[in-house]
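Coordinates in review
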Amino acid sequence: MANEPDKDMANEPDKDMATEPNKDTASEPNQDVKRWNHSVYESIISVDSPYYLKTCSISIVPERLKECNEDAYMPKVVSIGPRFRGTREDLLLMEKIKLQCMSSLLHRSNDMQAQDYFEKCSDVILELDEKVRACYVNVIKLTKYELANIMLVDGCFLLELLISNDLKLNHELKSSSKYPSPGPEVVKDEEVLSDLLLLENQIPLRILHKLTQILFPNEFTKDHVQRVTRINDLALSLFGYTHFGNPGAPHFIELVHSSINKEAIKIEDGQEVVKIEETQQYLSHVVKSHVEVKLKCCATRLKAAGVTITLPDRDRRLVNLQGNCFGRMLIRLGNMLVNREANMLETVEMTKFDFDIKFNNGKLEIPQLHITGTTQAKWRNFIALEHHKKKWKSTAAYDYSGKCTWSALFFDGLICCGADVQLLKDKNIIVDHLKMSNKKLDNYFGTISRGVDHEIVDSSYIKIFNDLNNYSRANFFIRICKIWWHDFRFRAEQFVEFMGSGYNFAAILLSLLAIPQTIYAILPYYRPSHAH
């Protein structure tokens, strides 16, 4: 199979760059100068690229977010890209799995030996050295061969996961390797999928595009738009999201983030079209009227004000189906008979985010939120991505979207104590798979929103906050009674927590016992004298 140039990228501004591999020749200073020129020029021409290779697109987490919970941004199982490579011993356990996945991928075509495929892929990845380096904010202190090795292994690993997760494609591209691929088991690991969505744990999607061009030109086609769409669909399906995303997404986390923010863009004829709303006009109104962008009323107070808190109709139907014995039996039967792309409804709902919160005519619709072991890490990394976009001041309306950030602030404002958590649990809005106490869940949401930048503005959410803060249709006397009762429970909860922490109870008890002792000690000085 001939190693054809990337013809479909003819419209890219960097079309003719890096067509020949650079040689690391220390004895020829001119080569170093050329490499430096190539690297700088790649950064310049791709800074505003609409395609899937953008300068500084793979960022680092802001310190203000990392200080609150550094572990949320660190991979637990698998390292992708150069950022965490070799930093922890436990991450090395997955390296053998990566190589096994790579071997399986290279054996998925029978018309050429795996070694020939490997050599062709290696040559192409080496040619992308300057382009790949330009994608990372931090300087990569690796030789071109060390970096190419990481990109090749990780790219093959990720592509094998995408193929393994799709039963039809996995069957069509059956591997001739004598050892079974570990891919189908790896994609079931929730921690692995979470690690693939960490902001600093990414490689450019360009790597996967190049690999599919060499390994599977027929299955993924040579047409740029169709190939991008297919890879994006496979990636979104892997993470449990719908077949919708930003076609120019440079890596996994931005692709999934664009699916969460699906209302911000639309796709027409394979091109990205920004949906322009009256955002600036509304924000101007907010600034002039000095509206405080903060939810002042918790869930219990909103209920007392007459707000109906409920699930959207789609989530409510699913909950009713799951709560019905016959419905649960149908779901299990579907999981047995239907392929993985169309079943596992419960699993998909557990692993994805839907922050399409709406408030209209006194009805507050909040999509179901499942709390699992990876929810906080994914949520905080989406927030970090939004902070990165805000910092770099992207021009597209889509890039300004701060849906995950404002959803964190929304839940933090909605929950002020355990009673609010219980209310949202009773409404099936919060589904806690970790079985935490209501108080721990209260702290959990406070942790997610800690350190976020309140200036990451989403106009629709500002309007929701403003409308909820000013809404009141309940009887005044009933509302006051409900609020008083809620405040009493909140204070009682705080008192119990205070008494139960450390030695507070013992200290207060000793203080109370010291009061009568002090009184008896000073009484003799004030008693009338009876001396004769």
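Quick look at the structure, then. (Residues numbered from 1 in each chain as written. Predicted model: local features only at pLDDT ≥ 70, side-chain atom pairs only at ≥ 80, totals over all residues. Heavy atoms only, no water.)

Examining the sheet that holds strand β5 (residues 363–365)
Pairing within the open sheet is mixed, and its three strands lie in the order β3-β5-β4. Strand pairing shows two members of the sheet lacking a second neighbour, β3 (308–310) and β4 (358–360), which therefore form its edges. Each neighbouring strand pair of the sheet contributes to a mean axis angle of 15°, computed without reference to strand direction. In the sheet, β3 pairs with β5 via three bridges, with the strands oriented parallel. Within the sheet, the bridge partner assigned to Thr 308 lies in β5 and is Lys 363. (Pairing = 2+ DSSP bridges. Helix = DSSP H or I, 4+ residues; strand = E, 2+ residues; numbered from the N terminus. Axes fitted to C-alpha atoms, helices over the stretch in contact; angles between N-to-C directions.)

Some remarks on unusual backbone geometry
Here Asn 361, not a glycine, exhibits a phi torsion of approximately 55°, which is positive. By the element assignment, Asn 361 lies in the loop between β4 and β5. Positive phi values are uncommon outside glycine, yet Asn 428 reaches one of about 65°. With respect to the helices and strands, the residue Asn 428 is situated in the loop between α20 (418–426) and β7 (430–432).

Regarding the packing of helix α6 (residues 144–165) against helix α11 (residues 224–238)
For any two helices packed against each other, one specifies the crossing angle of their axes together with the interaxial distance. Following both chains from N to C, one finds α6 and α11 inclined at 75°, their axes separated by 9 Å at the closest point. The pairing of α6 with α11 is recorded here as roughly perpendicular in orientation. Counting all contacts with α6, which are made through Leu 161, Leu 162 and Asn 165, the residues of α11 involved are Ile 231, Leu 234, Ala 235, Ser 237 and Leu 238. Taken together, the residues of the contact of α6 with α11 break down into six nonpolar, two polar and no charged. (Parallel < 35°, antiparallel > 145°, perpendicular 65-115°, else oblique. Contact = heavy atoms within 4.5 Å. Nonpolar A, V, L, I, M, F, W, Y, C, P; charged D, E, K, R; others polar.)

Some remarks on the packing of aromatic side chains
Applying the stated rule across the entire model yields 14 aromatic pairs. Pairwise contacts between aromatic rings join Phe 353, Phe 355, Trp 379, Phe 382, Trp 406, Phe 410, Phe 411, Tyr 444, Phe 445 and Phe 465 into one cluster. The residue whose ring lies beneath Arg 83 is Phe 84, and the NZ or CZ to ring-centre distance is 4.7 Å. Above the plane of the ring of Phe 353 lies Lys 378, whose end atom (NZ or CZ) is 6.0 Å from the centre. (Phe/Tyr/Trp six-rings, centres within 6.5 Å; stacked < 30°, edge-to-face > 60°. Lys NZ or Arg CZ within 6 Å of the ring centre and 35° of its normal.)

Regarding the nonpolar core
Among the nonpolar cores identified, the biggest contains 114 residues, and Leu 196, Phe 252, Ile 309, Leu 364, Trp 379, Phe 410 and Phe 445 are the most heavily contacted of them. Residue contributions to this core peak at 13 residues, all from α6. The contacts of Ile 309, once residues within four sequence positions are left out, are Ala 299, Leu 302, Leu 364, Ile 366, Leu 423, Leu 424, Lys 427 and Ile 429. (Core = buried A, V, L, I, M, F, W, Y, C linked by side-chain atoms within 4.5 Å. Buried < 20%, exposed > 50% of the residue type's maximum accessible area, 1.4 Å probe, protein only.)

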